[in-house]
Protein chains: 2
Amino acid sequence: MSTPPTLPAFRPLYDQIRALLIQSLESGEWKPGEAIPPEPDLAARFGVSQGTVRKAIDALAADNLLLRRQGKGTFVASHAGPDHRHRFLRIVPDEGPKVAPVSTLIDLVRDKVSGPVARALQLRPGSSVIRFRRLLAFAGRPLVLDEMVLPATQFPRLTLERLAEHTGSIYAFYEEAYGVRMIRAEERLRSVAAEAEPARRLGVEPGSPLLCVDRTAYTYGNVPVEWRRGLCLTDGYGYFNELA
Amino acid sequence: MSTPPTLPAFRPLYDQIRALLIQSLESGEWKPGEAIPPEPDLAARFGVSQGTVRKAIDALAADNLLLRRQGKGTFVASHAGPDHRHRFLRIVPDEGPKVAPVSTLIDLVRDKVSGPVARALQLRPGSSVIRFRRLLAFAGRPLVLDEMVLPATQFPRLTLERLAEHTGSIYAFYEEAYGVRMIRAEERLRSVAAEAEPARRLGVEPGSPLLCVDRTAYTYGNVPVEWRRGLCLTDGYGYFNELA
DNA sequence: GAGTGGTCTAGACCACCCC
DNA sequence: GGGTGGTCTAGACCACTCT
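Note that the structure is predicted; figures quoted are calculated from it, not measured.

## With respect to the protein's contact with DNA strand C
- Taken together, 20 residues surround DNA strand C, and among them Leu13, Tyr14, Ser49, Thr52 and Lys55 of chain B come closest.
- Taking all atoms of DNA strand C within 4 Å of the protein, the share assigned to sugar and phosphate is 82%.
- Residue Arg54 of chain A places a side-chain N or O atom 3.0 Å away from a phosphate oxygen belonging to DNA strand C.
- A distance of 2.9 Å separates a phosphate oxygen of DNA strand C from a polar side-chain atom of Arg68 of chain A.
- For the surface near DNA strand C, the secondary-structure elements that each account for two or more residues are β1 (66-69) and β2 (73-76) of chain A together with α1 (13-27) and α3 (50-62) of chain B.
- A per-class count over the surface near DNA strand C returns 6 nonpolar, 8 polar and 6 charged.

See below:
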């Protein structure tokens, strides 16, 4: 009678090890860019075979949390690393190789959050957030106007100056300055007509079609930490995606 | 002196087995939806251990070429399968659960290919292609105008009637009627102003912003087989993407 | 040469599905 | 209960990197 209905609750060992490894990553035991201990050491530490540790590490490497390098070791992924510098950037030229953009900061304000952004960040409406904007230029042409929204509590004393000091991607900055590591993100794309200000900043007529990219980015445990909206001029450039 | 420069050429066994499995898939030895032989049988057939076969199958399952089902077997993935019915469709409503679209065919013509489409399909300019169009309606509203381009040689005697007979996704149709299996696709998104005809078909004013999705879809061996352009009205709907 | 991840094997046992 | 994929182990050996 009181038996709970169907509780399978079988969890493979490697998956439990995986969770323990994530804990160590989250707690900062191993920092971005650093190597984690060799597999035999981890196997001893957790009291399992090396094969089981391998399977856990494989899963984390597939999720881009770790980076395996044969002969050298296994490293904590970092947005500062050469491979991940613009890991989430999908804007590429129609022809020719991928181009690295140049970022120009515009402004930063403190604000109260509401509506869909509050929902995306799982904040109560009225919570304090920081909003800042930037312009991304590709090959000298301003193509993307980005606005970021962050929970104020997790980014104390953030200023335009501190952002400007940092060379490198924004996620590398979050990582180094606040220990916030972005793991994955969800994007939703629409087509919109340019309002007056974005049009001016991107150098097009108001009403021109722009690609609107709304993103929610998550840290460990699927906790949302950043919402952003990008307005992109897709002229000679496009948002590239691979479907499998 | 005459030694060729650095030819590592080491290829793991499981990767060779993987290639052999793909051959069997491509040759039609195992058809979409069917089960492939059990792992111990394959291990015996290829003269390797079951673990090695597992690793090969794992790789193919990760690429969505095979589907593992514990206790039942390993199956050849099919666009007709319930899980893969709209595997490549990324248009989802802003709120609420994913909606299955209803397709209405418009027309089909034979044509000569040129320009970027020829390049995408790796065809000589002037080669014969089939072009057909359809309208996709979500919850009763027409939201996507699609145009598909196919190499004529691979789709003999294709007519609107044959397309209309088939209930299910277009890729399921290719699979069942022509044995052409779509494995992966690349998409490039832009924002465009609606031309007169798409505007009429989607029920918006000419010049309205539309999401333009260009796709090249590939079969085994990265051979392109279909090019398509979708013009999407992103009103209450969006193109969803996950970044990892 | 030492240390790291990568491959491959053989075998035991477990979880799931269907008869 | 028999068949399938899934987990876990232990050990041998290979490939890559750096010293």
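Having put the structure on the table, let's press on.
## Considering the sheet that holds strand β5 (residues 128-138) of chain A
- Reading across from one edge, β4(A)-β5(A)-β6(A)-β9(A)-β8(A)-β7(A)-β10(B)-β3(B) is the order of the 8 strands in this open sheet, with antiparallel pairing throughout. Strands at the two margins of the open sheet, each flanked by one partner only, are β4 (102-112) of chain A together with β3 (91-93) of chain B. Averaged over all neighbouring strand pairs, the angle between strand axes comes to 25 degrees, with direction disregarded.
- The sheet contacts of helix α6 (residues 170-178) of chain A involve β5, β6 (141-151), β8 (209-219) and β9 (223-232) of chain A, and relative to β9 of chain A the element is tilted by about 155 degrees.

## Focus: the protein's contact with DNA strand D
- Lining the immediate environment of DNA strand D, one finds 21 residues, of which Leu13, Tyr14, Ser49, Thr52 and Lys55 of chain A sit closest.
- Expressed as a percentage, the sugar and phosphate content of the atoms of DNA strand D within 4 Å of the protein is 81%.
- Separating a phosphate oxygen of DNA strand D from a side-chain N or O atom of Tyr14 of chain A is a distance of 2.6 Å.
- Arg68 of chain B is positioned with one of its side-chain polar atoms (N or O) 2.8 Å from a phosphate oxygen of DNA strand D.
- Looking at the surface near DNA strand D, the elements with two or more residues in it are α1 (13-27) and α3 (50-62) of chain A together with β1 (66-69) and β2 (73-76) of chain B.
- Of the residues in the surface near DNA strand D, the class split is 6 nonpolar, 8 polar and 7 charged.

## Structural notes on the packing of α1 of chain A against α3 of chain A
All names here are of chain A.
- At their nearest, the axes of α1 and α3 sit 8 Å apart, and the two run at 60 degrees to each other. Taken together, α1 and α3 sit at an angle that is classed as oblique. Relative to α3, α1 is oriented so that their crossing is right-handed. Two secondary-structure elements touch here, α1 through Leu13, Tyr14, Ile17, Arg18, Leu21 and Ile22 and α3 through Thr52, Lys55, Ala56, Ile57, Ala59 and Leu60.
- The residue inventory of the contact of α1 with α3, partitioned by class, reads 9 nonpolar, 1 polar and 2 charged.

## Here we look at the interface of chain A and chain B
- Counting residues at the interface gives 34 residues for chain A, matched by 34 residues for chain B.
- Of the roughly 2,800 Å² buried where chain A meets chain B, counting both sides, 47% is carbon and sulfur surface.
- Summed over the shared surface of chain A and chain B, the number is 4 salt bridges.
- Glu242 of chain B serves as the salt-bridge partner of Arg184 of chain A, at 2.9 Å between the closest nitrogen and oxygen.
- For the side of chain A that touches chain B, the elements supplying multiple residues, two or more each, are β3 (91-93), β7 (184-193), β8 and β10 (237-243) of chain A.
- No other element matches β7 of chain A, which puts 10 residues into the side of chain A that touches chain B.
- Taken together, the 5 bridges between β10 of chain A and strand β7 (residues 184-193) of chain B define a ladder with antiparallel strand orientation. Bridge pairing in β7 of chain B links Asn241 of chain A to Glu187 of chain B.

## Let's talk about the relation of the copies chain A and chain B
- Rotating chain A by 180 degrees and translating it 0.0 Å along the rotation axis places it on chain B, where the RMSD comes to 0.0 Å. Such values leave the two copies arranged in the relation of a two-fold axis.
- Comparing interface residues between copies, 100% of those in chain A also lie at the interface in chain B; the contact surface is shared.

## Considerations on the domain arrangement of chain A
Residue and element names in this part refer to chain A.
- As far as domains go, chain A holds domain 1 (13-76) and domain 2 (91-239).
- On the side of domain 2, 4 residues touch domain 1, which itself brings 8 residues to the contact.
- Here domain 1 packs against domain 2, burying approximately 500 Å² in sum over the two surfaces, 67% of which is carbon and sulfur.
- Contact with domain 2 buries area across many residues of domain 1, yet Glu26, Pro32 and Leu65 alone supply 66% of it, more than any other trio.
- Taken together, the connections running from domain 1 to domain 2 amount to 0 salt bridges.
- Scanning the region where domain 1 abuts domain 2 turns up 1 residue pair in polar contact (both at pLDDT 80 or more).
- Residue classes in the side of domain 1 that touches domain 2 are distributed as 6 nonpolar, 1 polar and 1 charged.

## Some words on the sheet that holds strand β5 (residues 128-138) of chain B
- Taken together, 8 strands build an open sheet; the order of strands is β3(A)-β10(A)-β7(B)-β8(B)-β9(B)-β6(B)-β5(B)-β4(B) and the sheet is antiparallel. With partners counted over all chains shown, the strands left at the sheet margins are β3 of chain A together with β4 (102-112) of chain B, one partner each. On average, each strand axis in the sheet is inclined to that of its neighbour by 25 degrees, with strand direction left out of account.

## Let's talk about the pattern of salt bridges
- Applying the stated rule across the entire model yields 43 salt bridges over all chains.
- With its nearest N and O atoms 3.9 Å apart, the salt bridge here joins Glu197 of chain B to Arg200 of chain B. Here Glu197 of chain B pairs with Arg200 of chain B, and both are found in helix α7 (residues 196-202), just 3 residues apart, close to one helical turn.
- With a relative accessible area of 59%, Arg200 of chain B lands in the exposed category.
- Residues joined in a network through salt bridges with shared partners are Asp107, Arg133, Glu197, Arg200 and Arg201 of chain A.

Cut-offs applied
- Residues numbered from 1 in each chain as written.
- Chains lettered and ligands numbered in written order.
- Predicted model: local features only at pLDDT ≥ 70, side-chain atom pairs only at ≥ 80, totals over all residues.
- Heavy atoms only, no water.
- Near = heavy atom within 4 Å.
- Polar contact = N/O pair within 3.5 Å; in protein donor to acceptor, adjacent residues only side chain to side chain.
- Helix = DSSP H or I, 4+ residues; strand = E, 2+ residues; numbered from the N terminus.
- Nonpolar A, V, L, I, M, F, W, Y, C, P; charged D, E, K, R; others polar.
- Pairing = 2+ DSSP bridges.
- Axes fitted to C-alpha atoms, helices over the stretch in contact; angles between N-to-C directions.
- Contact = heavy atoms within 4.5 Å.
- Parallel < 35°, antiparallel > 145°, perpendicular 65-115°, else oblique.
- Left-handed = near helix turned anticlockwise from the far one by under 90°.
- Buried area = accessible area lost by both parts, 1.4 Å probe.
- Salt bridge = Lys/Arg side-chain N within 4 Å of Asp/Glu carboxyl O.
- Least-squares fit on C-alpha atoms with pLDDT ≥ 70 in both.
- Domains from an automatic or database assignment.
- Buried < 20%, exposed > 50% of the residue type's maximum accessible area, 1.4 Å probe, protein only.

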